[in-house]
Amino acid sequence: MKRNVKDSEDSLRRITRRAAIVGGVKLAFIGLLAGRMRQLQVEDADQYRLLAEENRINVRLLAPARGLMFDRNGTLLADNAQNYSVTIVREDTDDVEATIEQLRALIPLDEGQLQRALREMRRRSPFVPVTLADGLTWKEFSIVAVNAPALPGLYPEVGLLRRYPLGADFAHTIGYVGRVTERDLANQEDRDPLLQMPQFKIGKFGAEAKLEDILRGKAGSRRIEVNALGRVMRELGREEGQRGASVQMTMDANLQNYVQARLGDESASAVVMDVETGDLVAAVSSPSYDPNKFVDGISQSDFDLLRDNDHRPLHNKIAQGLYPPGSTFKMVTLLAALEAGLITPEERIQCNGVLRVGGRRAHCWKRAGHGPVDLKKSLVESCDVYYYDISMRVGIEKIAEMARKLGLGVAHDVDMTSISSGLIPNKDWKFANRGEEWVIGDTVNASIGQGFVLSSPLQLAVMTARLATGRTIMPRMVKSVDGVEQPIENGPDMGLNPLHLQWVREAMYDVNNGRRGTARASRIMTEEHKWAGKTGTSQVRNITPAERARGVFRNADLPWNRRDHALYVGFAPFDAPKYAISVVVEHGGGGSSAAAPVARDIMLQALHGGLPPLDAYPSDQRREIEEMQNALPLRPPGPSSSGRTRA
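Residues numbered from 1 in each chain as written. Predicted model: local features only at pLDDT ≥ 70, side-chain atom pairs only at ≥ 80, totals over all residues. Heavy atoms only, no water.

1. Observations regarding the nonpolar core
Of all hydrophobic cores here, the largest spans 96 residues; its most connected members are V272, V332, L334, L379, Y386 and M463. For this core, the leading source of residues is helix α21 (residues 591–608), giving 10 residues. What V272 contacts, discounting residues up to four positions off in sequence, is L255, D279, L280, V281, A282, Y579, A580, I581, I602 and A606. The next biggest cluster of nonpolar side chains, apart from the first, holds 42 residues, and it includes V177, V247, Y289 and V478. (Core = buried A, V, L, I, M, F, W, Y, C linked by side-chain atoms within 4.5 Å. Buried < 20%, exposed > 50% of the residue type's maximum accessible area, 1.4 Å probe, protein only. Helix = DSSP H or I, 4+ residues; strand = E, 2+ residues; numbered from the N terminus. Contact = heavy atoms within 4.5 Å.)

Okay, structure coming up:
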């Protein structure tokens, strides 16, 4: 009996110990749970409140309005039109394909754009919006907006689309914008999150690309509340982006339109430059194209037509086009010889049509020769032998030095893309690039702007402005940014002898106005607008001895792409220069027949601010000029001109 009592006491003692252990464990667990709950609800409350808020509230970027672009008189060159689109965020929808099918049932979808969107979704993170439909009508946009609550992941968006109201007139200068590509995103220097936005556009060409940083603006943002299904419930706040800067260009839209019309379908270019400020008041490459087609991606068929055109409309001939300058280079050789003290205006050189140089015959363009030639006659009648002779005295180094001083062989810093530096060769250049020594024949060829020498229409305009003023005129395309006038960065006097410059200018005057001047047919009759210039013709093929023996083919008898380039440079008025001009007509034949008449018409248009009076032209040309001017497809004038009526 005593044993049983003892056993019971031991058993009770063991149960009590177990209960204590279990109770202790439970108490510890409850304490741990309470501590964790306190940590979650008190200590970490702000963190989890923020996480919950992030699940409920989304922040999305707002694209800023791109800066507007105007001509020098306030005519709009690039603006922003309202655009309606639909984007999809992949992580906000359970089934992308089903959502797209729901959208397709509401509005028509472009299959090409849809396939691009699907490819983009595979490349991008699931939280990045991708555009499914763009350029919607208001009716289509309204249908999507009304049904948006039933379309998880789809968002109707109202944005801006870049538009170029003057179309082809400024395609090569203003350029265009286009969609951000993978190559753009790979640019490590540009981390702007705007580039991740669907259908965001950046400058691709011309001033749009060169001025991208100031035209783009800064992103805004909006905070939206979404429900558990990801549907937008309401907008909680919005911070508008900073609009891009407005830019006023130096070009005159009316003059630009006239130049475009006057060049017509020619493969050509023209640059008109204010010789005091360096402003490019017109810069045209022809033929042109409609930049609006590139904003949303040009169709393959339209692109093929532009790419395969032998007149190269996609090529910016203004600053990328490089041509042998031909006789327009002769002023360079002349000034180099004058500055070196190797010739005088009165010295005469005999031209018999050919000069023997290093065992070869260098021909003048005039087979019978020009007879005795002095400085003025050499430019007026464009005698080649005169320049062959003086170039062998002055040498290529001094000629190259003078060319660079006048703005050739230099990539001028203007707000266009792909500015070519051209080529002004010398001995070191030939050895480094050709592995050959310079020979006297190279100097002779360079003296008349042939051989290795290459220049752009922009450089030729700069050269002419510097000849007209004697100063280091620098070209510019931007007049003001947000109303702040941009600095005119013209350099000092070039340091050339003023008398030498005057001799050259007077010879250029007689090129246009002298009885034997090569550009006499393109003279200006009004005294206050008399001008000076120089024609040029650059060969694009070699003329063989056999061809010379039987007679050189006329350009008109050759296929278009084997004809010579036609060039002209000039400035006006002669007594008080205001504008310099360069015109290049690819395969135009001759500078006097193809380039000078175009340059004269453009110069008169610039000087008069509209169509000039007929008495500015020689009397025997007036009827033809009037018919031509009236037939030009000119746009109705903007604020800088009074219309098509003659001054």
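This is not the end of the story, as more comes after the structure.
2. Some thoughts on the environment of I440
With respect to the helices and strands, I440 occurs in helix α17 (residues 440–447). Of the residues examined, I440 reaches a relative accessible area of 37% and is grouped as partly exposed. Taking the C-alpha atoms as reference points, I440 and I396, separated by 44 residues in sequence, lie 8.8 Å from one another. In this structure I440 touches V357, G358 and M392, once residues within four positions along its chain are discounted.

3. Considerations on the pairing of strand β19 (residues 532–538)
Both faces of the sheet carry side chains from a regular strand, because those side chains alternate between them. Most of β19 sits inside the fold, with 6 of its 7 residues counted as buried. Bridge count for β19 against strand β20 (residues 565–572) is 7 bridges, and the pairing is antiparallel. The residue bridging A532 from the neighbouring strand is F571, located in β20. (Pairing = 2+ DSSP bridges.)

4. Let's talk about the packing of helix α9 (residues 253–263) against α21
Axes are the key here: two packed helices are described by the angle between their axes and the distance separating the axes. Relative orientation of the contacting elements α9 and α21 amounts to 160°, with a least axis distance of 10 Å. Our classification of the angle between α9 and α21 gives roughly antiparallel. In the packing of α9 onto α21, the handedness of the crossing is right-handed. Each of L255, Y258, V259, R262 and L263 in α9 lies in contact with α21, whose residues at this interface are P597, V598, D601, I602, Q605 and A606. Considering only residue class, the contact of α9 with α21 consists of 8 nonpolar, 1 polar and 2 charged. (Axes fitted to C-alpha atoms, helices over the stretch in contact; angles between N-to-C directions. Parallel < 35°, antiparallel > 145°, perpendicular 65-115°, else oblique. Left-handed = near helix turned anticlockwise from the far one by under 90°. Nonpolar A, V, L, I, M, F, W, Y, C, P; charged D, E, K, R; others polar.)

5. Side note on the packing of helix α14 (residues 384–394) against α17
α17 packs onto α14 with a crossing angle of 130° between their chain directions and a minimal axis gap of 8 Å. Compared by their axis directions, α14 and α17 come out oblique. For the pair α14 and α17, the crossing hand works out as right-handed. Where α14 approaches α17, its residues Y387, Y388, S391 and M392 are matched on the opposing element by I440, T443, V444 and S447. Taken together, the residues that form the contact of α14 with α17 break down as 5 nonpolar, 3 polar and no charged.

6. Digging into the confidence of the model for the chain
Residues with a pLDDT of 70 or more make up 87% of the chain, whose mean pLDDT is 87. Ignoring residues within four places in sequence, the model shows residues 641–647, a span with pLDDT below 50, making 21 contacts including any to other chains. (pLDDT = per-residue confidence, 0-100.)

7. Considering the environment of R515
Here R515 lies in the loop between α19 (498–513) and β19. Judged by its relative accessible area of 68%, R515 falls in the exposed class. Residues R515 and V380, 135 residues apart in the sequence, show an inter-C-alpha distance of 9.2 Å.

8. As for the side chain of D274
Looking at the element boundaries, D274 is found in strand β11 (residues 268–274). No salt bridge is formed by the buried D274, whose closest oppositely charged neighbour, K578, lies at an N-O distance of 4.2 Å. A distance of 2.8 Å separates the side chain of D274 from the backbone nitrogen of E276, its partner in a polar contact. Non-local contacts of D274, meaning those with residues more than four positions away in its chain, are made with D279, I473, K578 and Y579. (Lys, Arg positive; Asp, Glu negative; His and termini not counted. Salt bridge = Lys/Arg side-chain N within 4 Å of Asp/Glu carboxyl O. Polar contact = N/O pair within 3.5 Å; in protein donor to acceptor, adjacent residues only side chain to side chain.)

9. Considerations on unusual backbone geometry
Going from S286 to P287, the amide bond is cis rather than trans, its omega being -5°. The topology assignment puts P287 in the loop between β12 (280–286) and α10 (292–295). The linkage connecting A572 with the following residue, P573, adopts the cis geometry, with an omega of -15°. Inspection of the secondary structure puts P573 in the loop between β20 and β21 (579–585). The backbone phi angle of R312 is positive, close to 55°, even though this residue is not glycine. Structurally, R312 is set in the loop between α11 (300–307) and α12 (330–339).

10. Some details on the pattern of salt bridges
Evaluation of the coordinates by the stated rule reveals 28 salt bridges. Put simply, R104 and E111 hold a salt bridge, and the shortest N to O gap is 2.6 Å. By relative accessible area, R104 is classed as partly exposed at 32%. Judged by relative accessible area, which is 41%, E111 ranks as partly exposed. With a closest N to O distance of 2.8 Å, R393 and E347 form a salt bridge. Residue R393 is found in helix α14, and its partner E347 is found in the loop between α12 and β13 (349–351); the two are separated by 46 residues along the sequence. Judged by its relative accessible area of 35%, R393 is partly exposed. For E347, a relative accessible area of 25% translates into the label partly exposed.

11. Quick look at the packing of aromatic side chains
Counted under the stated rule, the structure contains 13 aromatic pairs. When the centroid spacing of 5.1 Å and the interplanar angle of 55° are considered together, the rings of W429 and F452 count as tilted. Residue W429 is located in helix α16 (residues 427–434), and its partner F452 is located in the loop between α17 and α18 (457–469); the two are separated by 23 residues in the primary sequence. Across the pair, F452 and W429 agree in class, each one buried. What links up through ring pairs into an aromatic cluster is the set Y176, F205, Y289 and F294. (Phe/Tyr/Trp six-rings, centres within 6.5 Å; stacked < 30°, edge-to-face > 60°.)

12. Describing a negative patch on the surface
There is a patch of like negative charges on the surface, built from E527, E528, D575 and D615. Taking the relative accessible area as the measure of exposure, D575 reaches 73% and is therefore exposed. (Patch = residues over 30% accessible without salt bridge, like charges linked within 9 Å, V, L, I, M, F, W, Y side chains within 5 Å. Areas by Shrake-Rupley, 256 points an atom, 1.4 Å probe, with all protein chains shown as cover. Charge placed at Lys NZ, Arg CZ, Asp CG, Glu CD.)

13. Digging into helix α4 (residues 111–123)
With 13 residues, α4 extends 19 Å between its outermost C-alpha atoms, agreeing within 8% with the 18 Å of an ideal straight helix rising 1.5 Å per residue. Q113, L114, A117, E120 and M121 are the residues of α4 that are buried. Viewed end-on, α4 has its buried residues packed into an arc of 120°, placing them on one side of the element. In this structure, the buried residues of α4 make contact with β3 (76–88), α3 (96–106) and β4 (130–134). (Expected span 1.5 Å × (residues − 1). Arc of directions from axis to C-beta.)

14. Some thoughts on the sheet that holds β12
Here 5 strands make up an open sheet; going across it, the order is β12-β11-β21-β20-β19 and the pairing antiparallel. Because the sheet does not close on itself, it has two edges, and the strands there are β12 and β19. Averaged over all adjacent pairs, the angle separating strand axes in this sheet is 5°, with direction ignored. α19 contacts β19 and β20 of the sheet and is inclined by roughly 75° relative to β19.

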